[in-house]
Amino acid sequence: DGIRDSSVTGSSDVCSSDLDDLWYPDKLATVMAEFDRYPDVDLVCHDQSTTRDGRVLAVSHRRMPRAGTLYEALLFDGNLLSPSAVTFRRERALAIDGFDERPEYLTVEDYDFWLRFSRQWQIRFVNRVLSECVLRAGGASRRIVFHHVALERVLRAHLSDRKSTRLNSSHT
């Protein structure tokens, strides 16, 4: 159903994760408590550390943009979300046809999903590191040219859609 590498936390919530990433023991309890506190939220994202060979290289602090929409921030500032740092409502993901698993979107199918998701649904950020993105030699996103070609495809598709949406709304 276009929801890849996922663990179901219940009948309605999905946690996605890249295969070599790690979740901290309190991830699920913390995220589910956020959904309980904020029932209108459709996706919860938390902070994440990036490691290589057991060393922390960076900590990603994920936040809502100060101005504009999250969609615009994702489109113009880059991918602010990570598969291992999100949990989302299954029905919301299915409503936008899940992850686009075309081969030409490999390494950026999550970015495309976040862009589409952010246009319609509510996202909440938790200021706490609850997972680790583990960098390994040979990972798909480490193939720089391949990754950037896929990234360009996603950006072109969304910019084209954004332009046509603006043109259509100006003619009504």
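Coordinates for the structure precede this section.
Residues numbered from 1 in each chain as written. Predicted model: local features only at pLDDT ≥ 70, side-chain atom pairs only at ≥ 80, totals over all residues. Heavy atoms only, no water.

Asker: Requested: an account of the side chain of Thr51, with residues and values cited.
Answerer: Structurally, Thr51 can be placed in strand β4 (residues 43-52). With relative accessibility at 3%, the residue Thr51 sits in the buried group. Sequence-distant contacts of Thr51, defined by excluding residues within four places in its chain, comprise Val56, Leu57, Glu132, Cys133, Val134 and Leu135. (Helix = DSSP H or I, 4+ residues; strand = E, 2+ residues; numbered from the N terminus. Buried < 20%, exposed > 50% of the residue type's maximum accessible area, 1.4 Å probe, protein only. Contact = heavy atoms within 4.5 Å.)

Asker: Lay out the pattern of salt bridges in plain terms, naming residues and giving numbers.
Answerer: Evaluated as defined, the whole model comprises ten salt bridges. A salt bridge links Glu34 to Arg124, with the nearest nitrogen and oxygen atoms 2.7 Å apart. Here Glu34, found in helix α1 (residues 27-37), pairs with Arg124, found in strand β7 (residues 123-134); they are 90 residues apart in sequence, far enough to count as distant. The buried category is assigned to Glu34, whose relative accessible area is 8%. By relative accessible area, Arg124 is classed as partly exposed at 26%. Across the pair Arg63 and Asp47 runs a salt bridge whose closest N-O atoms are separated by 2.9 Å. Taken together, the residues Arg63 in the loop between β5 (55-60) and α2 (70-77) and Asp47 in strand β4 connect sequence positions 16 residues apart. (Salt bridge = Lys/Arg side-chain N within 4 Å of Asp/Glu carboxyl O.)

Asker: Summarise unusual backbone geometry; cite the residues concerned and give the values.
Answerer: Trans is the common state for peptide bonds, and a negative phi is the common state for residues other than glycine. Positive phi is not limited to glycine here, since Asp53 has a value of about 55°. With respect to the secondary-structure elements, Asp53 resides in the loop between β4 and β5. For Thr107, which is not glycine, the phi torsion reads 85° and is therefore positive. With respect to the helices and strands, the residue Thr107 is situated in the loop between α3 (90-95) and α4 (109-118). Among the residues examined, Thr107 registers a relative accessible area of 14% and is labelled buried.

Asker: Break down the side chain of Ser17 for me, with residues and values.
Answerer: Within the secondary structure, Ser17 is located in the loop between β2 (13-16) and β3 (22-23). In this structure the side chain of Ser17 is engaged in a polar contact, spanning 3.2 Å, whose partner is the side chain of Ser84. (Polar contact = N/O pair within 3.5 Å; in protein donor to acceptor, adjacent residues only side chain to side chain.)

Asker: Kindly report on α2, identifying the contributing residues and their values.
Answerer: Within the sequence span of α2, burial applies to Leu70, Tyr71, Ala73, Leu74 and Leu75. Following α2 by one or two positions, Gly78 has its phi on the positive side, about 110°.

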